[in-house]
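Spelled out, the chains give:
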Amino acid sequence: MVTTLVLVMVIFLLLGFPMMIPLVLGPLVLAIFFLPQDPYIMTQQMIGGISSEVLFAVPLFIFAADIMTSGRTSERLLDFVGAFVGHLRGGYAITTAAACTLFGSISGSTQATVVAIGKPMRERLLRVGYKDSTALALIINASDVALLIPPSIGFIIYALFANASVGQLFLAGIGPGVLVFLCFAGYAYIHARVFDIPLADKVLWKNRLNITWKALFPLGFPVIIVGGIYGGVFTPIEAAGISVLYALILELLIFRSMSIFRIPSIALSTGLVTSAVFILVASGQAFAWAINVAGLPQMIVDTFFGGDPTALYVLFMVAIFFFIGCMFVDPIVVIMILTPIFVPVAEQAGVDPIHMGVVVVFQAALGSATPPFGVDIFTASAVFNRSYLDVIRGTPPFIIIMVIVSILVIVFEEISLFYRYLPF
Amino acid sequence: GGNGDEEAGDDDGDNGDDGAEVEHEWDFITEETPGQVQHEYGLEFAERLEEKSEGSIEVNVHEFGGLGDEVDQLEQLQTGQVEMGIVSPGFTGPIVPEAQVFSLHYLFPNDQETVQEILTESEAINEHLRSNYEEQGFTPLSFWTEGAMAWTSNTELTSPDDFDGFLMRTQESPLMLESYEAYGANPTPMSWGDLYTGLEQGQVEGQENPIFFIEDASFHEVQDYLIISDHNNYVATTSVNNDWFDSLDEDLQEMIEETVEEMQDVAFELQEELNESHLEEIEENEEYPTEVIELSEEERDEFRELAEPVREFFREEEGDDAGMILDMLEEEIEEMS
Amino acid sequence: MNGIKAIGASIVKVLRFLDRLLMRTEEFILSFAIIIIFIMVSGNALSRYLLGTSWAFSSEIALWCVYFATFMGVSYVARQGRHLTMSAFFDIAPYPIRKTLAILIPFGTALVLFVLTYYSIEYVVSQYETGRTTTALRMPYWWVVAPVPVGLFLGGLQFIRNMIVNLVNKDVYIATEQKDRQRGELEEEMPKI
Ligand code: NA
Ligand code: NA
C-alpha cells in the first residue's frame with residue numbers, strides 16, 4: 001500500500017501536476033478507501049499544517065523584501081556590502097552564505113531566510129557573474145544551516161520528545177553549523193576561482209565612507225532585527241512585522257521612493273507567493289498524517305531495528321530516515337513524528353541523546369533543501385518565479401558537502417559535543 | 001503513533017500467550033509525550049483493560065503529535081474518529097467555557113490529595129460540568145490532577161508587587177490574561193514552541209506550568225527561580241466519545257467505568273512521583289542552577305485577595321452555567337477542605 | 001441570426017465581467033490578508049512594548065488571514081499559472097503530448113480539488129455542529145475555516161477554465177493568463193475564454 005502511494009506520487013509529480021496534487025492524492029485515496037478515519041480529517045490536517053505562528057514570519061519577510069527591492073533600501077544595503085567584499089575572491093557568495101546562516105538562526109525560519117536574504121543577494125550575485133543555478137543553490141542550502149545555529153525550533157521540539165536539555169542541544173549545534181558554513185565558504189572561494197568570477201575594483205575608503213553614509217538608514221534594518229530579538233524587545237515573528245514597518249517608513253517617508261497606493265499591489269505579489277508555498281505546507285501535513293496513521297514509522301522500526309543494533313548503526317539509520325522524511329514533509333513535522341519512535345531504540349543502543357539531536361536536526365536541514373520535495377525549494381521557486389529544475393540544478397555540490405559533513409558529524413561526536421571537552 | 005510499549009504488546013500477540021482474539025481495538029489519545037503523566041496513565045489504563053478483558057480489548061495509546069495537535073485530537077474525539085483519551089480544559093476552553101473554572105487562581109486548596117478528592121467527589125464537576133461536555137459529543141468519565149502549577153522567573157515572585165509590569169506568558173485565554181492583569185502583570189500570549197527562546201531572550205519574563213512539564217521542556221535552564229505557588233492545578237479528564245460509548249454493551253461500559261475509577265489513585269501516584277522526581281532533577285541540576293521557593297501562607301493570601309474578583313469575570317464571561325457551577329463548587333470546597 | 005449573435009456576445013460580456021469581478025475580489029483578499037497579518041503582528045509588538053498590553057486577538061486574526069491567503073489564493077495562483085510544478089518532462093515533450101497533458105493535468109487537478117472541496121464542506125459543517133469558538137474572540141470556528149472549501153472550489157473552477165483554454169485554442173497554455181513560453185514569446189493578446 002505504501003509502495004503504491006509513493007509510486008502514484010512520483011508519477012503525478014513527473015507528469016507535471018501542480019505539486020499539491022501528488023501530495024494530497026495518496027492521503028485522499030487512503031482516507032477514503034483504507035483508513036478507518038473520516039476523510040474530512042484531511043482538511044483538518046491541511047489547516048493544521050499552516051496553523052503555526054512561526055509561519056507568519058514567511059509572508060512578512062517576503063513583504064518587507066518586496067517593499068525594499070521596489071524601493072531604494074535593498075540597493076543601498078548591497079552597495080554597502082559590495083564596497084567591502086566586492087573585490088575579494090568569492091566575496092559576494094561568502095557574504096550570502098554568512099548572511100543566510102546568521103539571519104536564519106535569528107528568524108528561526110529557513111523559508112523566511114530564503115526570501116529576506118536571497119531576494120536582494122541573488123540579484124547582486126547574478127550581476128557580478130554567478131550563474132543563477134549556483135546563486136539559488138547557495139541561498140537555499142545556506143539558509144538551511146540556520147536550523148543548526150541557536151535559537152532553533154528544531155532543537156526545542158526534539159528536546160521535548162527526547163527529554164534532553166535544550167541548552168546543551170543549542171551548544172551542540174554550533175560546531176556542525178560553523179563547519180558547514182566554512183565548507184560552503186571554501187566551496188564559494190574555489191568556485192569563484194575555477195569559473196573566474198570577475199572581481200570588482202577595490203573601493204577607496206573615501207567612497208566607502210560615502211556609500212556607508214548612504215546606507216545608514218538601511219543599516220538600521222539588521223540592527224533593529226538582530227538587536228530587537230537578542231535584546232528581548234520582540235520575538236522573531238514580531239521582528240518580521242517590524243521589518244515591514246521599517247521598510248515602509250524608509251520607502252514612504254524618508255526616501256519617498258513610492259506612493260502608499262502601491263502597497264496593495266506589492267502585498268498582492270506577496271500573497272501570491274505565500275499561497276503557492278503554504279498550500280504545499282498544508283498538503284505536506286496531510287501527507288505526513290496519512291503516512292503516520294498507515295503505520296509506516298512503526299514498520300520502519302520493526303524492520304530495521306530488530307536484534308541488538310550498535311550506536312553507530314542506529315545513528316546512520318536515524319540519519320537516513322530523517323533525511324528521507326524531510327525530503328517530503330516539513331522538517332518540524334518529521335521531528336515530531338519520528339523522534340518519539342527512534343528515541344527508545346537509540347537509548348537502548350547507548351546513543352548520546354544530545355548527539356542524536358544534532359544528527360536529527362542536521363538531516364532536517366539537509367532534507368528541506370533536497371529534491372523532490374523541499375519547502376525551501378518551493379519557496380525559492382515561488383519567490384524568484386523560476387522553474388523547479390532551475391532551482392535544483394545547482395544543488396548537487398552543496399548536497400555533497402552536506403552529506404560529507406553529516407557523516408563526519410555522525411562518526412565524530414566531538415564535533416557536536418566539543419563543549420564537554422572545554423576546560424571551563 | 002507508536003512507542004516501545006506497543007511493541008511489547010505486539011510480542012505478546014506473536015507468542016500467543018494469552019490465546020484470546022482481539023475483538024475491540026480502540027484508540028486512546030493523550031496530549032503528552034512518553035514518560036509524562038498522561039501517556040503513562042494511558043499505558044496503565046490500556047494494560048488494565050486488556051487484562052480484565054482477557055486480551056479481547058486492545059487500546060492503542062497515542063502520544064502528542066502522533067494524530068495532530070491537541071485541538072485536532074479534541075475534534076477527533078468529538079466526532080468519534082478516536083474512541084477515548086485524555087483532554088484538558090486548556091484546550092476545551094472555547095467549547096466548554098465553564099471548564100475554565102480550573103484556571104481560576106487560589107480556588108482549590110494547596111494540598112493535592114484534597115484537590116484529587118474534590119475532583120473525584122464534586123457534584124458541580126462530575127454532574128453539571130460533565131453535562132456541559134456531553135453537549136459537545138464527548139463525556140469526561142473522570143477529572144484528575146496532574147499537579148499544581150508553578151511559576152518560573154528570573155526574579156523572585158513572592159508578592160503581587162513583584163508582578164508589576166512583569167511580562168508573563170499565558171495561553172490565549174481571556175480569563176488567564178485577566179488573572180495576571182489582576183496582579184498588575186503584562187500577560188503575553190505565546191505558543192510553547194517559542195517559549196524557551198522567548199524566556200532566554202527576554203520577550204517574556206516568566207511562565208506557569210506543572211513542574212514535570214517545566215523540567216521536560218527545559219524551561220528551568222533559562223530561568224533562575226522556580227516558585228511553588230500552587231495557584232491552580234493542571235486538571236485532566238479521561239473522556240470517551242458519546243456515540244461510541246453508548247453503542248457498547250453494558251458490561252463493557254461498566255468495565256471501562258470501573259477502570260477509570262481505579263485509575264484515580266494510580267493517576268495521583270503517577271503525578272506525585274513524576275512531579276517529585278522532576279523537582280529533584282531541577283534542584284540537583286548544577287549546570288543550570290535554579291532556586292526553588294515555596295510561597296508561605298501569608299504570601300499566598302496576598303495573591304488570593306487579588307485573585308478573588310476574577311471569579312466575577314468567570315461568572316459573566318465563561319458560559320451560562322459558570323455562576324451556578326462556581327457557587328456549588330465553592331461550597332463543596334469549603335466542606336471538603 | 002444577428003439577434004442571436006448579439007445575445008451570445010452580451011452573455012460573453014457578462015461572463016467576462018463576472019470573471020474580472022471575481023479576479024479583483026481574489027486580488028483584494030490576497031492583498032489585504034497580507035496587510036492585516038502585518039498590522040496584527042507589528043501592532044501587537046508595538047502595543048506590548050510601548051503600552052504594556054498585548055493584543056490577545058492578534059494571532060487569531062493573523063491566522064485567519066493565513067487561511068484566507070492560502071486557500072483563496074489557490075484560484076488566483078492557478079489563474080497566473082504560478083502553482084509549483086516539476087515541469088521537466090512537460091517542457092521537453094513534443095507538441096501532441098504537451099497539448100494532451102495541458103488538457104489532462106488541469107482536468108485531474110480540478111477533480112482532486114472538487115473532491116477535497118466536498119470533504120472540506122463536511123469539515124466546516126462538523127465545526128458548525130460542535131459550536132466551537134475561537135479562544136480570544138469567541139468567533140464561531142466554522143467562520144474561520146470557511147475560506148477552505150470556497151477557495152478549493154474556486155481553484156477547481158479555475159483549473160477547469162485552464163483546461164478549456166487549451167481545448168479551444170491551438171497553443172499550449174499554462175493558465176488562462178499565461179501562455180506556455182516554449183512556443184515563443186508571450187503574446188500580448190489574452191486567450192479566448
Ligand atoms: Na527536501
Ligand atoms: Na535555572
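Here, the structure is the one placed above.
Parameters at a glance
- Residues numbered from 1 in each chain as written.
- Chains lettered and ligands numbered in written order.
- Predicted model: local features only at pLDDT ≥ 70, side-chain atom pairs only at ≥ 80, totals over all residues.
- Heavy atoms only, no water.
- Helix = DSSP H or I, 4+ residues; strand = E, 2+ residues; numbered from the N terminus.
- Rg over C-alpha atoms; globule rule 2.2 N^0.38 Å.
- Contact = heavy atoms within 4.5 Å.
- Areas by Shrake-Rupley, 256 points an atom, 1.4 Å probe, with all protein chains shown as cover.
- Lys, Arg positive; Asp, Glu negative; His and termini not counted.
- Charge placed at Lys NZ, Arg CZ, Asp CG, Glu CD.
- Donors = N, O, S within 2.8 Å, 3.2 Å for Na, K, Ca; no water.
- Buried < 20%, exposed > 50% of the residue type's maximum accessible area, 1.4 Å probe, protein only.
- Buried area = accessible area lost by both parts, 1.4 Å probe.
- Salt bridge = Lys/Arg side-chain N within 4 Å of Asp/Glu carboxyl O.
- Polar contact = N/O pair within 3.5 Å; in protein donor to acceptor, adjacent residues only side chain to side chain.
- Nonpolar A, V, L, I, M, F, W, Y, C, P; charged D, E, K, R; others polar.
- 1 Å grid on protein atoms, 1.4 Å probe; cavity = no way out; pocket = protein on both sides within 12 Å on 5 of 7 lines; lining within 4 Å.
- Points joined across faces, edges and corners; volume = space filled by probe spheres on them.
- Axes fitted to C-alpha atoms, helices over the stretch in contact; angles between N-to-C directions.
- Parallel < 35°, antiparallel > 145°, perpendicular 65-115°, else oblique.
- Left-handed = near helix turned anticlockwise from the far one by under 90°.
- Pairing = 2+ DSSP bridges.
- Right-handed = clockwise from strand over helix to strand, strands pointing away.
- Core = buried A, V, L, I, M, F, W, Y, C linked by side-chain atoms within 4.5 Å.

Q: Please give an account of the overall build of chain A that cites residues and values.
A: Broken down by element type, chain A carries 23 helices and 0 strands. Taken over the C-alpha trace, chain A has a radius of gyration of 22 Å; the compact-globule value for 424 residues is 22 Å, and the two agree within 12%. Seen along its three principal axes, the alpha-carbon backbone of chain A occupies a region of about 70 × 55 × 45 Å. Residue pairs in contact within chain A that sit at least 24 positions apart in sequence constitute 78% of those at least 6 positions apart. Accessible surface computed for chain A: about 14600 Å², of which carbon and sulfur atoms make up 70%. Separation between the mean location of the 18 positive side-chain charges and that of the 21 negative ones in chain A comes to 20 Å.

Q: Give me the lowdown on the coordination of the sodium ion (ligand 2), citing residues and values where you can.
A: Residues and elements named next belong to chain B. In the first shell of the sodium ion (ligand 2), the protein supplies His-220 (O), Gln-223 (O), Pro-289 (O) and Thr-290 (OG1), at 2.1 to 2.8 Å from the metal. Each donor residue of the sodium ion (ligand 2) belongs to the same chain, with the gaps between them written as H-x2-Q-x65-P-T. Taken together, the residues His-220 in the loop between helix H9 (211-216) and strand E8 (225-228) and Thr-290 in the loop between helix H11 (250-284) and strand E10 (291-294) connect sequence positions 70 residues apart. Looking at Thr-290, the relative accessible area reads 12%, which means it is buried.

Q: Account for the interface of chain B and chain A, naming residues and giving values.
A: Chain B puts 38 residues into the contact, and the matching count from chain A is 39 residues. Both sides together, the interface formed by chain B and chain A hides about 3100 Å², and carbon and sulfur atoms give 51% of it. Contact with chain A buries surface across chain B, with Gln-81, Gln-201 and Gln-203 of chain B losing the most and accounting together for 19% of the total. Scanning the region where chain B abuts chain A turns up 0 salt bridges. Connecting chain B to chain A are 13 residue pairs in polar contact (both at pLDDT 80 or more). Contributions of two or more residues to the side of chain B that touches chain A are made by helix H1 (4-15), helix H3 (70-79), helix H8 (192-201) and H9 of chain B. If one sorts the elements of the side of chain B that touches chain A by residue count, H8 of chain B sits on top with 7 residues. Class assignment of the residues belonging to the side of chain B that touches chain A gives a composition of 8 nonpolar, 19 polar and 11 charged.

Q: Now, about the layout of surface pockets: what can you tell me, with residues and values included?
A: Roughly 760 Å³ of internal volume is contained in the second largest pocket. Lining the second largest pocket are 33 residues, with Gly-81, His-83, Thr-85, Ser-87 and Ile-174 of chain C positioned closest to its centre. Elements represented by at least two residues in the lining of the second largest pocket include exactly helix H20 (375-383) and helix H21 (388-392) of chain A together with helix H2 (58-79), helix H3 (88-92), helix H4 (95-130), helix H6 (147-168) and strand E1 (173-175) of chain C. Element by element, the count of residues in the lining of the second largest pocket is highest for H4 of chain C, at 4 residues. Along the lines of polarity and charge, the residues of the lining of the second largest pocket split into 15 nonpolar, 12 polar and 6 charged.

Q: Run through the packing of helix H13 (residues 216-230) of chain A against helix H14 (residues 236-254) of chain A, naming residues and quoting values.
A: Residue and element names in this part refer to chain A. As a packed pair, H13 and H14 sit with axes 10 Å apart at the nearest point and diverge in direction by 160°. One way to sum up the angle between H13 and H14 is to call them roughly antiparallel. The two elements H13 and H14 meet at a crossing, and its hand is right-handed. Contacts from Phe-217, Pro-218, Gly-220, Phe-221, Ile-224, Ile-225 and Ile-229 in H13 reach Pro-236, Ala-239, Ile-242, Ser-243, Tyr-246, Leu-250 and Ile-254 in H14. A breakdown of the residues in the contact of H13 with H14 according to their chemical character gives 12 nonpolar, 2 polar and no charged.

Q: Report on the interface of chain C and chain A, specifying residues and quantitative values.
A: Counting residues at the interface gives 54 residues for chain C, matched by 59 residues for chain A. A buried area of about 5000 Å², summed over both sides, lies between chain C and chain A, and 79% of it is on carbon and sulfur atoms. Taken as a group, Arg-82, Leu-84 and Met-86 of chain C account for 17% of the area that chain C buries against chain A, more than any other trio of residues on that side. Summed over the shared surface of chain C and chain A, the result is 10 residue pairs in polar contact (both at pLDDT 80 or more). Mapped onto the side of chain C that touches chain A, the elements with two or more residues apiece are helix H1 (2-51), H2, H3, H4, helix H5 (141-145) and H6 of chain C. Residue classes in the side of chain C that touches chain A are distributed as 36 nonpolar, 14 polar and 4 charged.

Q: Report on the pairing of strand E2 (residues 57-62) of chain B, specifying residues and quantitative values.
A: Residues and elements named next belong to chain B. Burial runs high along E2: 5 of the 6 residues are buried. Both strand E1 (residues 24-29) and E2 contribute to a ladder of 6 bridges, which runs parallel. Within E2, the position partnered with Ile-29 by the bridge is His-62. Remark: the E1/helix H2 (residues 37-52)/E2 crossover connection has right-handed handedness.

Q: Describe the side chain of Lys-99 of chain C, naming the residues involved and giving the relevant values.
A: Residues and elements named next belong to chain C. With respect to the helices and strands, the residue Lys-99 is situated in helix H4. Residue class for Lys-99 comes out buried when judged on its relative accessible area of 12%. Here the side chain of Lys-99 touches Asn-166 through a polar contact of 2.6 Å, landing on its backbone oxygen. Filtering out sequence-adjacent residues up to four positions away, Lys-99 remains in contact with Asn-166, Asn-169, Lys-170, Asp-171 and Val-172.

Q: Tell me about the environment of Ile-61 of chain C, residues and numbers included.
A: Residues and elements named next belong to chain C. Tracing the backbone through its elements, the reader meets Ile-61 in helix H2. A residue is classified by how much of its surface remains accessible, and Ile-61, at 19% relative accessible area, is buried. Measuring from C-alpha to C-alpha, the distance between Ile-61 and Phe-159 comes to 30 Å, with 98 residues separating the pair along the chain. Discounting residues that sit within four places of it in the chain, Ile-61 has contacts with Ile-36, Met-40 and Leu-137.

Q: An account of the nonpolar core is needed here, citing residue identities and associated values.
A: Residues Phe-63, Phe-342 and Met-356 of chain A together with Trp-26 and Ile-256 of chain B are the most contacted members of the largest nonpolar core, which totals 263 residues. Residue contributions to this core peak at 19 residues, all from helix H15 (residues 263-293) of chain A. Ignoring sequence-local partners within four residues, the contact set of Phe-342 of chain A consists of Ile-300, Val-301, Phe-305, Val-318, Phe-321, Phe-322 and Met-356 of chain A. Counting residues in hydrophobic clusters, the runner-up holds 32 residues, among them Val-101, Leu-175, Phe-313 and Leu-329 of chain B.

Q: Run through empty space enclosed by the protein, naming residues and quoting values.
A: Sizing a probe to match a water molecule and rolling it over the atoms shows the empty space that remains. Evaluation of the coordinates by the stated rule reveals 9 cavities of 30 Å³ or more. Computed from the structure, the second largest cavity encloses a volume of approximately 240 Å³. Taken together, 17 residues make up the lining of the second largest cavity; nearest its centre are Glu-53 and Glu-238 of chain A, Pro-189 of chain B together with Asn-44 and Ser-58 of chain C. Going through the elements one at a time, H14 of chain A, strand E6 (186-189) of chain B together with H1 and H2 of chain C are the ones with two or more residues in the lining of the second largest cavity. Counting residues per element, the lining of the second largest cavity draws most heavily on H1 of chain C, at 3 residues. Classifying every residue of the lining of the second largest cavity by side-chain character gives 7 nonpolar, 5 polar and 5 charged.

Q: Tell me about the pattern of salt bridges, and please be specific about residues and values.
A: Counted under the stated rule, the structure contains 29 salt bridges over all chains. For Glu-297 of chain B, the salt bridge identified is with Arg-304 of chain B, shortest N-O distance 3.4 Å. Note that Glu-26 of chain C is salt-bridged to Arg-79 of chain C, the shortest N-O span being 3.4 Å. Of this pair, Glu-26 of chain C sits in helix H1 while Arg-79 of chain C sits in helix H2, and the two are 53 residues apart along the sequence.

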